[in-house]
Amino acid sequence: HVFLYRRHPLASRAAIDLDELAEYPRISFNQGQYNAFYFSEEILSDRPVKKSISVSDRAAVVNLMIGLDAYTICTGVFPRYLHGDDILSVPLNVDERIRVGTIMHKDAVLSDLGNRFYRALEEFVRRL
């Protein structure tokens, strides 16, 4: 999916092709100085674009989408508490898929808080 500001020129589309995004800045979330390429949060992050913005603050992603007609590619799940209905999720016409999951060491034991978080994730996924 592509996340866009609700007033973005492509926001009313039922789906978006990659070439339609060419003139708009792509925002990528960078997890810090030691961020590994293999752990990128966005699919197609290695695809060259004309304009690219890398941020390390998630709130900046939203503000840049609103102020610059920028976009980011993600799962399609966006928490409404961040900006209500201002950010839309529009399907992206690509064969790529994002697989979301959890990884835990086989000998690890989750804390009570960890177990509650994991159950909350499972519940959220069931509602999708």
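For clarity, every value in this text was computed on a predicted model and none was experimentally measured.

> So what exactly am I meant to see when it comes to the pattern of salt bridges here?
Tallied over the entire structure, the rule returns 4 salt bridges. Here aspartate 86 and arginine 6 are joined by a salt bridge, their closest N and O atoms 2.8 Å apart. Remark: arginine 6 occurs in the loop between β1 (2-5) and β2 (26-29) and aspartate 86 occurs in the loop between α2 (80-83) and β5 (87-90); sequence separation between them is 80 residues. The partner of glutamate 20 in a salt bridge is arginine 13, and the shortest N-O contact between them spans 2.0 Å.

> Just to check I follow, could you spell out the sheet that holds β1 for this structure?
Sheet strands pair via backbone hydrogen bonds, and the direction of the pair is either parallel or antiparallel. Pairing is antiparallel in the open sheet, where 3 strands are placed in the order β4-β1-β5. What marks the edges here is a single partner per strand, and that holds for β4 (72-73) and β5. Across 4 bridges, β1 lies against β5 in antiparallel orientation. Within β5, the residue paired with leucine 4 across the bridge is leucine 88.

The rules behind these values
- Numbers given for residues are sequential positions, taken from 1 along each chain in its written order.
- Residue-level local features of this predicted model are given only where pLDDT is at least 70; pairs of side-chain atoms are given and counted only at 80 or more, and the full residue set underlies all totals for whole chains, interfaces and linings.
- Only hydrogens and water are set aside; all other atoms, that is, all heavy atoms of the structure, feed into the side-chain values.
- Counted as salt bridges are all cases of a side-chain nitrogen of Lys or Arg within 4 Å of a carboxyl oxygen of Asp or Glu.
- Comment: elements are numbered from the N terminus, with helices defined as DSSP H or I runs of at least four residues and strands as E runs of at least two.
- Strands are labelled as partners when DSSP assigns at least two bridges between them.

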